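The lines below spell out each chain.
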Amino acid sequence: MLFIVSGPSGAGKSTLSQKAVEFFDDIGFSVSYTTRAARPGEINGVDYIFVDDSRFDAMIKNNEFLEYATVHGKKYGTAAKDMEELLKTSDALLDIDVQGAEQIRAKRKGGVYIFILPPSMKVLRERLFKRGISKSELENRFKNAVDEIKKSELYDYLIINDELEESEESLKAIIRAERIKTGLLKDRIKTLFEF
Ligand code: ADP
Ligand code: 5GP
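Note that the coordinates shown come from a computational prediction; the quantities given were computed from them, not determined experimentally.

Colleague: Quick rundown of the packing of helix 1 (residues 13–23) against helix 7 (residues 164–179)? Include the residues and the values.
Modeller: With their axes 10 Å apart at the nearest point, helix 1 and helix 7 run at an angle of 55° to one another. With respect to each other, helix 1 and helix 7 are oriented oblique. By crossing handedness, the relation of helix 1 to helix 7 is classed as right-handed. Facing helix 1, whose interface residues are Thr-15, Leu-16, Ser-17, Lys-19, Ala-20 and Phe-23, helix 7 presents Leu-164, Ser-167, Glu-168, Leu-171, Lys-172, Ile-175 and Arg-176. Split into classes, the residues belonging to the contact of helix 1 with helix 7 amount to six nonpolar, three polar and four charged.

Colleague: Help me get a handle on the layout of surface pockets, residues and values and all.
Modeller: The calculated volume of the largest pocket comes to roughly 1,000 Å³. Lining the largest pocket are 41 residues, with Lys-13, Ser-14, Arg-39, Asp-95 and Arg-131 sitting closest to its centre. Of all the secondary-structure elements, those providing two or more residues to the lining of the largest pocket are helix 1, strand 5 (65–71), strand 6 (74–79), helix 5 (121–130) and helix 6 (135–150). At seven residues, the largest contribution of residues to the lining of the largest pocket is made by helix 1. For the lining of the largest pocket, a count of residues per class yields eleven nonpolar, 15 polar and 15 charged. In this structure, the second largest pocket occupies an estimated 170 Å³ of space. Along its surface, the second largest pocket is lined by Thr-70, Val-71, His-72, Asp-97, Val-98, Gln-99, Glu-102, Asn-144, Asp-147, Glu-148 and Lys-151.

Colleague: Quick rundown of the pairing of strand 8 (residues 112–117)? Include the residues and the values.
Modeller: With six of six residues buried, strand 8 is to be regarded as a mostly interior element. Residues of strand 8 alternate between two faces, with Val-112, Ile-114 and Ile-116 on one and Tyr-113, Phe-115 and Leu-117 on the opposite face, all of them buried. Direction of pairing for strand 1 (residues 2–6) relative to strand 8: parallel, over a ladder of four bridges. Bridging from a neighbouring strand, Val-5 pairs with Ile-114 of strand 8. Here strand 8 runs beside strand 9 (residues 157–160); their pairing, made up of four bridges, is parallel. Each bridged residue has a counterpart across the sheet, and for Leu-117 the counterpart in strand 9 is Ile-160.

Cut-offs used in this document
Residues numbered from 1 in each chain as written. Chains lettered and ligands numbered in written order. Predicted model: local features only at pLDDT ≥ 70, side-chain atom pairs only at ≥ 80, totals over all residues. Heavy atoms only, no water. Axes fitted to C-alpha atoms, helices over the stretch in contact; angles between N-to-C directions. Helix = DSSP H or I, 4+ residues; strand = E, 2+ residues; numbered from the N terminus. Parallel < 35°, antiparallel > 145°, perpendicular 65-115°, else oblique. Left-handed = near helix turned anticlockwise from the far one by under 90°. Contact = heavy atoms within 4.5 Å. Nonpolar A, V, L, I, M, F, W, Y, C, P; charged D, E, K, R; others polar. 1 Å grid on protein atoms, 1.4 Å probe; cavity = no way out; pocket = protein on both sides within 12 Å on 5 of 7 lines; lining within 4 Å. Points joined across faces, edges and corners; volume = space filled by probe spheres on them. Buried < 20%, exposed > 50% of the residue type's maximum accessible area, 1.4 Å probe, protein only. Pairing = 2+ DSSP bridges.

As structure tokens, then:
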């Protein structure tokens, strides 16, 4: 299964995704490629695979991405091969933007689409400010939030990330509920009669 998490920058996607991946040992985090610079504390290969423009463009040319997009002026993408590998052993959680989510929706059935909203635009700005990015980057990300939030209606679930613990519980509840949908368990029902 694919769990796709989107939302405006600063809404809490990374925080919540990390918590879910830590909690469910059978969900792996899909590590994206990006041309943006690493932030302090970010680890190459863990948070992202940091590459330059020419490497990213070569990957586009070689058709290596399941999806990719330019977000806040930098390129981000999910490598198809990495995703295949991940799905061999676990479900996958992807923290990707609304454009990437639309590309996956067009290609694959059965993804679970979760949108993270901030409790208010004021709080979103404060969370972005705390990140210590430049004023122009903050303004750019804040401006883009409006268009991203408009796309939230296309998602299956909305989590309004006010109290962190409550949001964590909501994300876990979504994952648990999606995993016990009847359609997925049909084979399990059949096994009950194998005696
Ligand atoms: P995103 O990945 O959506 O850009 P992050 O997960 O990096 O957002 O969160 C942005 C900032 O907000 C971080 O400093 C994070 O610790 C903080 N944050 C996330 N969720 C909450 C919450 N529910 N309450 C308070 N702060 C939060
Ligand atoms: P950040 O720079 O804050 O880590 O991420 C900026 C935006 O890029 C976020 O909306 C995040 O979800 C998105 N993003 C991260 N990885 C990918 C990816 O592989 N593909 C797409 N389309 N967006 C991504």
